[in-house]
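Descriptive structure summary
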Amino acid sequence: MNLQALIKKIESVDSYAGEFLKKFEIKTKDGKFLFIAPNSDYREWLETLLEGFLEEDLRNIIEIREKEDNEEKRIEIHGFLNPRYTFDNFIVGEGNRFAYEIVREALENLGYLYNPIFIYGSVGTGKTHLLQAIGNEAKRRGYRVIYSSANDFAEEMVEYLKHGKINEFRNKYKSVDLLLLDDVQFLSGKERTQIEFFNIFNALYLLEKQIILASDRHPQKLTDVSDRLVSRFEGGILVEIELDTNTKLKIIREKLKQYNIKTSSELINFLLQNTKNVREIEGKIKLIKLRGFEKLPERKEKNKLEKILEFVANYYALKPEELLSDKRTRRVNEAKQIGMYLCRKVCSASLIEIARVFRKKDHTTVIHAIRKVEERKKKDRKFRHLVGFLEKQAVEKI
Ligand code: ADP
Ligand code: MG
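Residues numbered from 1 in each chain as written. Chains lettered and ligands numbered in written order. Predicted model: local features only at pLDDT ≥ 70, side-chain atom pairs only at ≥ 80, totals over all residues. Heavy atoms only, no water.

**Observations regarding the sheet that holds strand β3 (residues 62-66)**
In space, the three strands of this open sheet follow the order β1-β2-β3, with mixed pairing throughout. Among the strands making up the open sheet, the edge pair consists of β1 (25-29) and β3. The average undirected angle you get between the axes of adjacent strands in this sheet is 20°. Sheet topology note: the β1/strand β2 (residues 32-37) ladder contains five bridges and is antiparallel. Across the sheet, the residue bridging to I26 is F35, located in β2. Sitting on the sheet, helix α1 (residues 3-13) is in contact with β1, β2 and β3, with an inclination near 60° to β2. Contacts from helix α3 (residues 40-52) reach β2 and β3, with the element oriented near 160° to β3. (Pairing = 2+ DSSP bridges. Helix = DSSP H or I, 4+ residues; strand = E, 2+ residues; numbered from the N terminus. Axes fitted to C-alpha atoms, helices over the stretch in contact; angles between N-to-C directions. Contact = heavy atoms within 4.5 Å.)

**Describing the site of ligand 1**
In the neighbourhood of ligand 1, 19 residues make up the surrounding shell, with I91, G124, T128, H129 and E282 lying closest. At 2.6 Å, a backbone N or O of G124 approaches an oxygen atom of ligand 1. Broken down by secondary-structure element, the contributors of at least two residues to the shell around ligand 1 are α6 (127-140), α11 (245-258) and α13 (278-291). Among the residues forming the shell around ligand 1, the class breakdown is six nonpolar, eight polar and five charged. (Near = heavy atom within 4 Å. Polar contact = N/O pair within 3.5 Å; in protein donor to acceptor, adjacent residues only side chain to side chain. Nonpolar A, V, L, I, M, F, W, Y, C, P; charged D, E, K, R; others polar.)

**A closer look at the pairing of strand β4 (residues 117-120)**
Here β4 shows no split at all, with I117 and I119 on one side and F118 and Y120 on the other all buried. Bridging between β4 and strand β7 (residues 210-215) involves four bridges; their strand directions are parallel. Within the sheet, the bridge partner assigned to I119 lies in β7 and is A214. The pairing of β4 with strand β8 (residues 237-240) spans four bridges and is parallel. Bridged to I119 within β8 is V239. (Buried < 20%, exposed > 50% of the residue type's maximum accessible area, 1.4 Å probe, protein only.)

**So, the packing of aromatic side chains**
Here the distance between the centres and the angle between the planes together describe a pair of aromatic rings. Following the criterion strictly, the structure yields 19 aromatic pairs and no others. Taken together, a centroid distance of 5.4 Å and an interplanar angle of 50° make the contact between Y160 and F169 tilted. Residue Y160 is classed as partly exposed on the basis of its relative accessible area, which comes to 21%. Since its relative accessible area comes to 0%, F169 is described here as buried. (Phe/Tyr/Trp six-rings, centres within 6.5 Å; stacked < 30°, edge-to-face > 60°.)

**Focus on the nonpolar core**
V312, L323, I338 and L342 are the most contacted members of the largest nonpolar core, which has 31 residues in total. Elements that contribute at least two residues to this core include exactly α14 (304-315), α16 (330-347), α17 (351-357), α18 (364-379) and α19 (381-397). Once you skip the residues sitting within four places of it in the chain, L323 turns out to touch L309, V312, A313, L318, V332, A335, K336 and F358. Formed by 28 residues, the second largest nonpolar core is a distinct cluster that contains A106, I119, V145 and A214. (Core = buried A, V, L, I, M, F, W, Y, C linked by side-chain atoms within 4.5 Å.)

This is how it looks when you write it as structure tokens:
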């Protein structure tokens, strides 16, 4: 691909790209492109496009950097504690409260209360944020802290080994008060690294030094990690972190406030529907900040709940608007109720989201509708078949 074609591609997802890209220095080498951004805003803009909006394979040919004199301002997260991550700016909801509280308590009782702490949950749920937050605060209080990802830990070990200094490596890690090991799943298959880490772990544990681990999965689900390490991981406290819809909603609201973006139920709904984790929420919000909500590409695409509404309306030979109206004929009522029921069943949408799509003031109507369908399903065999049929169709079509 040549540069012109590439720029065209980028412009096709963001109509502002032409203007923005003029601010970049672009270098081409061996079919790859280096985009040098004038500052972090532009870097983040392009990164967000690349991660969320452009085709997968472009990621292999595009590299994004920030101008040299800007680079020092930016602190790489790997191997460092980034002061950006604090307890204060961690938004707490149902799904992450336990993890948040355990880590906060650990800070006040470093090494004594829970050891180790093993936090697990899918990508972008705030694991690194929590590890970094306790690391920053512990360091501020004078503790010796190391934060490392399992990958960096492995690479560092190899370097020390190459220079015949493995003892220095061990001593470095054994002399901390708080060891934070992120992305533990990457220990998978790295036997030597696991042996070194096992020994460091034991030494720290005996000295009652705090160990906190984060992983994208439960210890039992780690692959190619020795049993003895897994049993160490399970020997303290296991904490799952997840993003339930309410927490997501809270995070979306607060982040929009932080970025000074005017909220609307449409915008919030869009973010709820189109993001899987906090990283994506932040990415989309940054993009909205740069070019406004109206210009977002996905907005044109109907979200799933709207598609269900259309699908049900279609089945009952009604217009989608009729399902949003106050009309109360039997047919309209039934279609509305089944529509809400399917949104819940097929998309696991929250009651609030469903209420929004069906233009209901609050979610009690939604609860009522779903209950109605469920009750009738129990009594009415024909109705049960109909709902089952629609559900299957919806799963396939939507
Ligand atoms: P993980 O390590 O679980 O993949 P991160 O900690 O890297 O996720 O989180 C991704 C992004 O989302 C980071 O920028 C982080 O600051 C932000 N984030 C995650 N959870 C929260 C939260 N509860 N409150 C505020 N920001 C959050
Ligand atoms: Mg992480």
